[in-house]
2 protein chains.
Amino acid sequence: MPTSQRPTRRRLPEFTLIRQIASRLPRRPSDVIAGIGDDAAIVRLDAGSDLLLTTDLLAERIHFDPRTASWADIGFKAVAANASDIAAMGGRPRHLLIAVALSPTTPVRAVPALYRGIRDACRRWGITLVGGDTSASASCMFLSLALTGIVPRGRALRRSGARIGDDIYVTGTLGDARAGLELLSRSVRRNGRPLLAGSRRFLIERHRRPAARVAEGARLSARRVATAAIDLSDGLSGDLRHVCEQSRVGAEIDAVRLPISQACRKYAAATGRSAIDLALAGGEDYELLFTAPVRHRQALIRLFGGRRPGISRIGTIRPRVFGLQLREASGRRAPLPNRSYEHFR
Amino acid sequence: MPTSQRPTRRRLPEFTLIRQIASRLPRRPSDVIAGIGDDAAIVRLDAGSDLLLTTDLLAERIHFDPRTASWADIGFKAVAANASDIAAMGGRPRHLLIAVALSPTTPVRAVPALYRGIRDACRRWGITLVGGDTSASASCMFLSLALTGIVPRGRALRRSGARIGDDIYVTGTLGDARAGLELLSRSVRRNGRPLLAGSRRFLIERHRRPAARVAEGARLSARRVATAAIDLSDGLSGDLRHVCEQSRVGAEIDAVRLPISQACRKYAAATGRSAIDLALAGGEDYELLFTAPVRHRQALIRLFGGRRPGISRIGTIRPRVFGLQLREASGRRAPLPNRSYEHFR
């Protein structure tokens, strides 16, 4: 008989598993008063901090697919995507709550592998797992995350602060993750030869283990140089649109300035695709897009010069009536295509 | 083609819906710097507060069932269950993040109804919706919540503080929600006549719109009278076990002292069931169970006297070797059955 009551989730063996995973993490930091095992976690914040809150609900076959990613990669990436949201606010990710609903077809090995990936990501960005829950799903598997972050009081980077004349920057390179995903789905040959193994590995790694730009976001917030920021999860075209809507401005992107890796260029050539299109519409790069006044150009060069990932100045904030335009290599301007990776299918 | 990339969730019309719902809520309170619409919500806490964090992932047909509950009730109850976790820590629920994955079979009317229930619960307990996300599910519907709470610094009620000799109390009455659920699944007759409409309505309401005991938890925390607390989601037997495990103690429950409503007694009689069993094993009452030293009996009578819900002293904390025992009306002691509602099926 189906029921609308909750199963006795606290008694599932997987809850014990979450405890085990948590116990293998570094010792509880001083801001965590109580973690897993009570009705709620208890956290103590510094009076000089604001708290950031973000959440994600991920569905098997829709947001992740065990056929193209390992369970460890799925866990890692789920945390990375949320850490990236915190990074885009200039914050440091801190406390993670995670809930998993297992389907009857989820293999037994999935759960420890998933948590291994989660643990790797927690270690990488200094995140503490403070709560977990495992329950059942009648059909496919679901993964739900909630992540806190802290940011010095009043210093959070918003989407709404971009001003006309500001420069537009991105960190790292764009389009890699999309190319990596496509590589997992088909074999790509260039002039009859497969894509070089090194390029292939790089692109797939960018898809499987994205880097949330936490240090970069924190640096921008600390130096008060950025006026707005967002992380690139949907793709540059879509995410820039969010900044423009919230800031009530337009934008011009300079196609030749888009940072595209050698590997992505090779992939585009091998498949007869436009690398620019991949950079504009490919999602899940988890790089940061931010805006800054022209007077901060030198400060930004000092802030990011010689570091990896670097930053690229890719355009300018324009008045709202300008809309979103792409300046092509020929100098011709065209509306920035409003599309995401979905249109590649 | 299935893909492991995230759909462009921010563009779904339902995201707009969440904004609309949020805009109909009371004006943003002063501790919420930014709510829906950025990469993360921004919240400012008072320096004298600790932060509580809890989460739940609810699956259609497993944790909720649209055949026995309205979408509004499902939304209300999801919030109530999380608010109850915060109440059990002595905290005030504050900031809610909610993510919904809609299945192809979810009716169009489900989403606004769901959010209406969520909004009702938010209003009732002073909760602010600070983030939302709607995406797709290939199969059944999922609902994920993350809720913060605040509690005066160092005052959170833990599961681990019960001491030998402490009294054991519960708020309200037990078993009602289970009886209400069963009433929705079958027609119950007593001596050939249906259960009185008033009783039936009361029990079903207790199942559909549970009351998180927020004021009661906060009162216990403020007066520093309780040594441990938990909310009753799985049923008294199971949840008392959690307190005993975490506090490394045993417990004796006095069957005749269990608070059982007249309606629940009538339901038990009509179905030939034991009302004691319903009180011990029925889940989802969302009442609080707490322990307090004997010297606080008078203080607790003053604190809860004449208020609704009242509290009942139902037993005593014993040494760990004692285990968990039930003292029956005859005076005979028996091990407390380790079971939940699942065994009713």
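Here goes a summary of the coordinates provided. Because the structure is predicted, anything quoted here is derived from the model rather than measured.

How each quantity is defined
- Residues numbered from 1 in each chain as written.
- Chains lettered and ligands numbered in written order.
- Predicted model: local features only at pLDDT ≥ 70, side-chain atom pairs only at ≥ 80, totals over all residues.
- Heavy atoms only, no water.
- Contact = heavy atoms within 4.5 Å.
- Buried area = accessible area lost by both parts, 1.4 Å probe.
- Salt bridge = Lys/Arg side-chain N within 4 Å of Asp/Glu carboxyl O.
- Helix = DSSP H or I, 4+ residues; strand = E, 2+ residues; numbered from the N terminus.
- Nonpolar A, V, L, I, M, F, W, Y, C, P; charged D, E, K, R; others polar.
- Pairing = 2+ DSSP bridges.
- Disulfide = S-S within 2.5 Å.
- Buried < 20%, exposed > 50% of the residue type's maximum accessible area, 1.4 Å probe, protein only.
- Least-squares fit on C-alpha atoms with pLDDT ≥ 70 in both.
- Axes fitted to C-alpha atoms, helices over the stretch in contact; angles between N-to-C directions.

### Some thoughts on the interface of chain B and chain A
Logical step 1: Chain B puts 91 residues into the contact, and the matching count from chain A is 90 residues.
Logical step 2: Buried area between chain B and chain A, both sides added, is near 8100 Å², and the carbon and sulfur share of it is 51%.
Logical step 3: Viewed at the interface, chain A and chain B are joined by eight salt bridges.
Logical step 4: The shortest N-O distance in the salt bridge between A:Arg159 and B:Asp39 comes to 3.0 Å.
Logical step 5: It is strand β3 (residues 49-59) of chain B that contributes the most residues to the side of chain B that touches chain A, 10 residues altogether.
Logical step 6: A per-class count over the side of chain B that touches chain A returns 40 nonpolar, 25 polar and 26 charged.
Logical step 7: In this sheet, strand β2 (residues 41-43) of chain B lies alongside strand β3 (residues 49-59) of chain A in antiparallel orientation, the contact comprising three bridges. Bridging across to β2(B), A:Leu51 finds its partner in B:Val43.

### Concerning the state of the cysteines
Logical step 1: Tallying each qualifying case throughout the model produces zero disulfides over all chains.
Logical step 2: We note that B:Cys140 lacks a disulfide partner, and the nearest cysteine sulfur, in A:Cys140, lies 6.6 Å from it.

### Considerations on the pairing of β3(A)
All names here are of chain A.
Logical step 1: Counting buried positions along β3 gives 11 out of 11 residues, so the element sits mostly inside the fold.
Logical step 2: With burial as the criterion, each face of β3 is covered, one bearing Ser49, Leu51, Leu53, Thr55, Leu57 and Ala59 and the other bearing Asp50, Leu52, Thr54, Asp56 and Leu58.
Logical step 3: Bridge count for β3 against strand β6 (residues 142-152) is 11 bridges, and the pairing is antiparallel. If you follow Leu51 over to β6, its bridge partner there is Ile150.

### Here's the deal with the pattern of salt bridges
All names here are of chain B.
Logical step 1: Under the defined criterion, the tally for this structure stands at 40 salt bridges over all chains.
Logical step 2: Glu287 is the salt-bridge partner of Arg206, the closest N and O atoms lying 3.1 Å from each other. Here Arg206 is found in helix α5 (residues 197-208), whereas its partner Glu287 is found in the loop between α9 (275-281) and β12 (288-292), with 81 residues between them in sequence.
Logical step 3: Classification of Glu287 as buried rests on a relative accessible area of 0%.

### Overview of the pairing of strand β11 (residues 250-254) of chain A
Residues and elements named next belong to chain A.
Logical step 1: Buried residues dominate β11, accounting for five of its five residues.
Logical step 2: In this structure, β11 lies alongside strand β13 (residues 311-318), joined through four bridges in antiparallel fashion. The residue bridging Gly250 from the neighbouring strand is Arg318, located in β13.
Logical step 3: Here β11 pairs with strand β14 (residues 324-327) via four bridges, running parallel. Bridge pairing in β14 links Asp254 to Arg327.

### Focus: the relation of the copies chain B and chain A
Logical step 1: Least-squares fitting of chain B to chain A yields an RMSD of 0.0 Å, with the transformation described by 0.0 Å of translation along the axis and a rotation of 180°. On this basis, the relationship between the two copies can be described by a two-fold rotation axis. Residue B:Ala47, judged by its C-alpha, is the member of chain B lying nearest the rotation axis, at 2.4 Å.
Logical step 2: Mapped onto chain A, 99% of the interface residues of chain B are again interface residues, and the two copies thus contact each other with one and the same surface.

### Let's talk about the sheet that holds β3(B)
Logical step 1: Read from one edge to the other, the open sheet built from six strands follows the order β1(A)-β2(A)-β3(B)-β6(B)-β4(B)-β5(B), with strand pairing classed as mixed. With one partner strand each, in any of the chains shown, β1 (32-34) of chain A together with β5 (128-136) of chain B form the two edges of the open sheet. Averaged over neighbouring strand pairs, the angle between their axes works out to 20° when direction is ignored.
Logical step 2: Sheet topology places strand β4 (residues 92-102) of chain B next to β5(B); eight bridges connect them, and they run parallel. Of the residues in β5(B), the one forming a bridge with B:His95 is B:Thr128.

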